[in-house]
Amino acid sequence: MKEVDLVGFTDPNAISDNEDTEIANIKKKISKKSGGFQSMALTFPVLKGILKRGYKIPTPIQRKTIPLALEGRDIVAMARTGSGKTACFLIPLFEKLKTRLAKTGARALILSPTRELALQTLKFIKELGKFTGLKAAVILGGDSIDDQFSAIHGNPDIIVATPGRFLHICVEMDLQLKNVEYVVFDEADRLFEMGFGEQIHEIVNRLPESRQTLLFSATLPKVLVDFAKAGLSDPVLLRLDVESKLPEGLELSFITCRPEEKLAVLLCLLKRVIKEDSQIIIFAETMHHVEYIHQILDKAKIINTFIYSNLDPSARKINTAKFQTGKAKVLIVTDVAARGIDIPHLDCVINFNFPAKSKLFVHRVGRCARAGRAGTAYNIVSVDEYPYLLDLHLFLGRPLLIVPATGSTENMESAVGKMPQTMIEEELAELINWHNNSTDLTNMQKVCNNAYQQYVRSRPGASTESVKRVKELRINAAGVLPQYSDGSSTAMDLISRMKNYRPQGTIFEIGTKTSSIDYQVMKTKRAFHKENILNFHKKIEKREADKIDTESELSQKVDLPSSNTEDINSAFNTVVVPKKRSGDNLYKISKKRKRQTKRDEEFYIPYSAPDKHTEDGLAVNTFSTEADKAQMDLTVDNEQSRHLQTQLKKWDRKKKKMITIDKNPKAGKIRTESGVWIPASYKTNRYNMWKEKSKIEEANEDEEESAEMKKLRTTPHTHWARHNQKLKNKMRAKDELKRPEQILKARKLLERKRRKNGRKGRKGSKHGKNKH
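Residues numbered from 1 in each chain as written. Predicted model: local features only at pLDDT ≥ 70, side-chain atom pairs only at ≥ 80, totals over all residues. Heavy atoms only, no water.

For the chain, an unreviewed UniProt entry supplies the name RNA helicase and the organism Harpegnathos saltator. Quoted straight from UniProt, the Subcellular location (unreviewed entry) entry for the chain says "Nucleus, Nucleolus". (UniProt positions renumbered as here; feature names shortened; annotations may be inferred.)

## Re the overall build of the chain
When helices and strands are tallied, the chain shows 31 helices and 19 strands. Here the chain holds 772 residues, and 36% of them are scored as buried. A separation threshold of at least 6 residues defines the contact pool for the chain, and within that pool the share at least 24 residues apart is 73%. For the chain, the exposed area adds up to about 49300 Å²; of that, 53% sits on carbon and sulfur atoms. (Helix = DSSP H or I, 4+ residues; strand = E, 2+ residues; numbered from the N terminus. Buried < 20%, exposed > 50% of the residue type's maximum accessible area, 1.4 Å probe, protein only. Contact = heavy atoms within 4.5 Å. Areas by Shrake-Rupley, 256 points an atom, 1.4 Å probe, with all protein chains shown as cover.)

## Points about the packing of helix H4 (residues 85–97) against helix H5 (residues 115–128)
Helix-helix packing is described using two parameters, namely the angle between the two axes and the distance between the axes. Running from N to C, H4 and H5 cross one another at 50°; their axes reach a closest spacing of 11 Å. As the angle between them shows, H4 and H5 are arranged oblique. Between H4 and H5 the crossing geometry is right-handed. On H5, the residues that touch Thr 86, Ala 87, Phe 89, Leu 90 and Phe 94 of H4 are Thr 121, Phe 124, Ile 125 and Leu 128. By residue class, the composition of the contact of H4 with H5 is seven nonpolar, two polar and no charged. (Axes fitted to C-alpha atoms, helices over the stretch in contact; angles between N-to-C directions. Parallel < 35°, antiparallel > 145°, perpendicular 65-115°, else oblique. Left-handed = near helix turned anticlockwise from the far one by under 90°. Nonpolar A, V, L, I, M, F, W, Y, C, P; charged D, E, K, R; others polar.)

## Overview of the side chain of Thr 162
Here Thr 162 lies in the loop between strand S4 (158–161) and helix H7 (163–173). Once residues lying within four places of it in the same chain are set aside, the contact partners of Thr 162 are Ser 112, Pro 113, Thr 114, Arg 115, Ile 139, Leu 140 and Gly 141.

## Section: the sheet that holds strand S10 (residues 304–307)
One open sheet holds the seven strands; their spatial order is S10-S11-S9-S12-S13-S8-S14, and the pairing between them is parallel. Only two strands of the sheet have a single partner each, and these edge strands are S10 and strand S14 (416–417). Where strand S8 (residues 250–256) lies against strand S13 (residues 375–381), seven bridges are found, and the strand directions are parallel. Within S13, the residue paired with Leu 252 across the bridge is Ala 377. Along the sheet, helix H13 (residues 313–325) contacts strand S9 (280–283), S10 and strand S11 (330–333); its crossing angle with S10, the most-contacted strand, is approximately 140°. Together, S8, S13 and S14 form the strand contacts of helix H16 (residues 386–396), whose direction differs from that of S8 by roughly 155°. (Pairing = 2+ DSSP bridges.)

## Points about the sheet that holds strand S6 (residues 212–217)
Pairing in this open sheet of eight strands is parallel, and the strands run S3-S4-S2-S5-S6-S1-S7-S15 from one edge to the other. Every other strand in the sheet has two partners, leaving strand S3 (136–139) and strand S15 (574–576) as the edge strands with one partner each. Looking at each pair of strands side by side, their axes are set apart by 15° on average, direction ignored. Note: strand S2 (residues 108–111) against strand S5 (residues 182–185), four bridges, orientation parallel.

## Quick notes on the pairing of strand S12 (residues 348–351)
Here S12 shows no split at all, with Cys 348 and Ile 350 on one side and Val 349 and Asn 351 on the other all buried. Here S9 runs beside S12; their pairing, made up of four bridges, is parallel. Note that in S12 the partner of Ile 282 across the bridge is Ile 350.

## Remarks on the environment of Phe 323
In this fold, Phe 323 is placed in helix H13. Considered as a pair, Phe 323 and Gln 279 are 44 residues apart in the sequence and their alpha carbons are 8.2 Å apart.

## Let's talk about the nonpolar core
Counting residues in each nonpolar core, the largest one holds 45 residues, and the members touching the most others are Val 76, Leu 109, Ile 159, Phe 166, Phe 185, Ile 200 and Leu 220. Counting residues per element, this core draws most heavily on H7, at six residues. One finds Ala 284, Trp 434, Leu 441 and Leu 481 within the second-largest nonpolar core, a separate group that totals 44 residues. (Core = buried A, V, L, I, M, F, W, Y, C linked by side-chain atoms within 4.5 Å.)

## Here's the deal with the pairing of S5
Residues of S5 alternate between two faces, with Tyr 182 and Val 184 on one and Val 183 and Phe 185 on the opposite face, all of them buried. The sheet contact formed by S5 and S6 spans four bridges and is parallel. In the sheet register, Tyr 182 faces S6, and the bridge partner there is Gln 212.

## A closer look at the packing of aromatic side chains
What the rule picks out here adds up to eleven aromatic pairs. Plain terms: the ring middles of Phe 306 and Tyr 308 are 6.0 Å apart, the flat faces sit at 20° to each other, and that makes the pair stacked. As far as burial versus exposure is concerned, Phe 306 and Tyr 308 are alike and both buried. One aromatic cluster is present, built from ring pairs that chain together Phe 149, Tyr 687 and Trp 690. Lying across the ring of Phe 352, Lys 262 places its NZ or CZ 5.8 Å from the centre. (Phe/Tyr/Trp six-rings, centres within 6.5 Å; stacked < 30°, edge-to-face > 60°. Lys NZ or Arg CZ within 6 Å of the ring centre and 35° of its normal.)

## What to know about unusual backbone geometry
Backbone geometry at Asp 174 places phi at a positive 50°, although glycine is not the residue there. Considering the arrangement of structural elements, one finds Asp 174 in the loop between H7 and S5.

## Here we look at the environment of Glu 472
In this fold, Glu 472 is placed in helix H19 (residues 464–473). On a C-alpha basis, the gap between Glu 472 and Arg 543 in space is 8.4 Å, while along the polypeptide they are 71 residues apart.

## Thoughts on the pattern of salt bridges
Under the defined criterion, the tally for this structure stands at 18 salt bridges. Of the charged contacts, one joins Glu 426 and Arg 272 as a salt bridge, the two residues approaching to 2.6 Å between their closest N and O atoms. Residue Glu 426 is located in helix H17 (residues 421–437), and its partner Arg 272 is located in helix H11 (residues 262–273); the two are separated by 154 residues in the primary sequence. Assessed through its relative accessible area of 38%, Arg 272 is described here as partly exposed. Where Arg 364 meets Glu 285, a salt bridge forms, and the shortest distance between an N and an O atom there is 3.2 Å. A residue pair is termed long-range when its members are at least 10 positions apart, and Arg 364 in helix H15 (residues 358–365) and Glu 285 in the loop between S9 and helix H12 (287–299) qualify at 79 residues. For the pair Arg 364 and Glu 285, one class covers both residues: buried. Linked through salt bridges whose partners overlap, the residues forming this network are Lys 271, Arg 272, Glu 426, Glu 427 and Glu 430. (Salt bridge = Lys/Arg side-chain N within 4 Å of Asp/Glu carboxyl O.)

## Details of helix H9 (residues 197–206)
Every buried residue of H9 is accounted for by Gly 197, Gln 199, Ile 200, Glu 202, Ile 203 and Val 204. Residues of H9 that are buried in the fold lie against S2, H7, S5, helix H8 (188–193), helix H10 (222–231) and strand S19 (677–679).

## Some points on the side chain of Arg 364
Judged by relative accessible area, Arg 364 falls into the buried class, the value being 0%. Sequence-distant contacts of Arg 364, that is, excluding residues within four places in its chain, are made with Phe 283, Glu 285, Asp 335, Val 349, Asn 351, Asn 353 and Pro 355.

## A few points about H17
With 17 residues, H17 extends 24 Å from end C-alpha to end C-alpha; this agrees with the ideal 24 Å at 1.5 Å per step. For H17, every residue scored as buried is listed here: Gln 421, Met 423, Ile 424, Glu 427, Leu 428, Leu 431, Trp 434 and His 435. For H17, the arc enclosing every buried residue in end-on projection is 145°, short of the 170-degree limit, so these residues lie on one face. Facing away from the buried side of H17 by more than 90 degrees, the exposed set consists of Asn 436 and Asn 437. (Expected span 1.5 Å × (residues − 1). Arc of directions from axis to C-beta.)

## Some remarks on the packing of helix H6 (residues 145–153) against H7
In the contact formed by H6 and H7, the axes pass within 11 Å of each other and the chain directions differ by 70°. In terms of orientation, H6 and H7 fall into the roughly perpendicular class. The residues of H7 that touch H6, namely those facing Ile 145, Gln 148, Phe 149, Ile 152 and His 153, are Arg 165, His 168, Ile 169, Glu 172 and Met 173. Considered class by class, the residues forming the contact of H6 with H7 number five nonpolar, three polar and two charged.

Structure below.
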């Protein structure tokens with residue numbers, strides 16, 4: 001049989017043959033040119049976890065952050081969501097902690113603004129740190145506090161937490177964080193936006209000064225710079241979020257539809273949405289799709305031309321010239337043919353098939369909106385392409401906005417939505433008519449369907465996380481995009497309502513008698529699956545409720561003032577920024593704009609006086625102050641009721657009524673040793689109650705007893721016997737009243753000792769006989 005080494009059961013000083021071969025295999029995989037994770041001098045368990053997770057080459061933020069973090073420097077990194085920042089702080093964390101230490105307590109703390117982010121971080125710790133043996137615990141608001149007490153008593157190496165609940169635990173348990181040597185503030189700007197400033201400052205005051213701190217943020221407000229000044233020692237600022245992946249003047253539009261409606265949506269865009277004189281490129285996946293779309297557009301009397309790799313070189317040259325000279329306004333291409341074409345004045349890009357790779361999307365849409373010009377990228381997305389759409393948004397670091405079916409559609413730039421169904425149906429009816437009258441089109445349609453099946457086989461798969469999340473997002477239920485709706489009857493479109501309608505009964509139940517076999521069978525089947533149906537509906541309701549909660553949390557966010565260059569320079573000695581490209585057109589354009597906006601100081605008349613702000617500051621009786629004093633409410637008639645009316649009120653979801661907010665900021669708060677005011681609800685008697693309930697002190701006493709038992713000298717009939725007896729008497733005096741389990745255990749131990757002593761006595765007597 002083949003021997004298998006179990007992780008955690010091998011000698012730490014010796015590396016097995018299997019590990020030697022594994023390291024050799026890993027080294028073979030890496031090319032010398034690529035600056036991979038192997039060049040960062042990581043230990044074997046960490047490197048193994050990274051490669052098992054599927055990481056090959058570090059992202060730009062990882063390449064810059066990890067070496068600095070391994071040196072022990074404090075870091076403030078500006079990174080977008082999806083840029084690989086989780087690995088930036090986890091890999092150095094594993095390197096610093098190395099192995100599990102059960103007695104020391106928490107040695108690393110990761111603070112996240114939301115539950116979802118904290119759970120995601122915990123998942124990454126389990127995957128990346130699989131072979132390190134480190135133990136992690138998660139402390140979240142809304143979970144059972146008793147379970148969290150027991151999790152802390154388990155002495156985890158890493159704590160992932162939200163600030164509110166973690167501070168509650170710290171105050172309740174009087175938790176000592178003296179062993180914490182590595183602290184991470186994930187999405188730090190969101191932590192401060194959501195009003196966790198007080199909690200963060202109190203947690204930081206409880207941490208040791210010798211810690212290493214990493215702070216990750218998408219923006220850099222003034223609060224964050226001040227916090228970095230106070231809480232971090234000589235931090236390095238990494239600014240790798242400056243470059244945008246897409247051109248500034250590019251507008252994105254994502255249109256969802258069924259696969260059979262794609263051509264109808266394309267015709268709607270070309271006929272009704274895009275201007276007639278615009279230059280348009282349509283990207284299709286295969287050469288068969290290119291020819292098919294070309295034939296359809298010819299039928300629709302839209303002048304177009306096409307290019308693909310198998311086309312004759314002279315024909316390709318002619319077709320390109322037609323498009324560049326403006327004889328044909330529409331060009332249909334594949335990705336292979338599109339690489340060598342340079343069109344300087346392109347207005348629109350249409351992705352007929354959504355690209356499987358995010359970089360390919362950037363390459364495609366980057367053809368328009370060049371040199372400071374505006375442009376639009378229209379993307380027709382069907383059901384099987386939704387995971388790739390989510391992957392793209394993660395790659396770009398943008399939120400995925402879905403147009404709601406009902407309600408306001410304000411601030412819905414680059415949102416995912418539909419076209420009005422009436423527009424699509426008109427074009428679809430025309431397409432069906434063309435296919436019925438033309439055998440060439442029907443044959444071409446069959447060829448395209450076969451080609452698409454072959455393409456799907458060769459298409460790289462989307463990430464598993466995106467495939468899971470797409471099921472929860474319900475993109476199919478998206479509403480009509482505001483730019484395509486006419487504002488009247490489209491929102492309540494009858495055809496779309498008919499398509500979305502789902503009857504309660506099946507075809508076997510509707511229009512049949514209750515005595516029929518079909519009806520009876522479906523009835524029994526429905527009764528059998530009743531519980532599953534109810535659970536499914538409950539899950540949907542819960543999802544909707546969570547969505548409302550997150551929206552209400554976002555509405556409570558505080559707008560933080562932005563930081564200026566002086567604040568940044570005073571806080572950070574070293575700032576790492578990406579190198580500027582010498583041939584960057586946008587940089588040149590910005591220089592030109594600066595020159596144009598130069599004003600002539602001799603003839604320029606400002607809107608306000610130069611000393612306006614000083615005058616306002618020195619003013620005593622201004623209109624605003626006098627108006628505030630003279631304000632009077634006519635609905636009340638005494639001082640007390642006037643005071644009550646001026647108090648703020650808000651809706652309390654738990655009490656289901658409006659409650660008064662006390663204007664005193666220190667009301668209902670207690671002051672900690674460090675001088676920070678925290679909610680008084682943090683200090684309750686929950687921890688002592690939990691200790692009594694779980695008999696945690698008794699368990700500790702048992703541990704102490706077992707430790708003292710180890711101290712006893714076990715050799716019988718020696719001068720240590722009296723010493724042993726004294727210690728036993730002490731232990732008995734400690735707890736006179738014993739639990740039944742303890743009595744039973746003591747009896748078993750005593751019986752075992754008697755048997756042992758009896759055997760030894762017999763042996764001694766035999767030896768004695770032989771001597772005499």
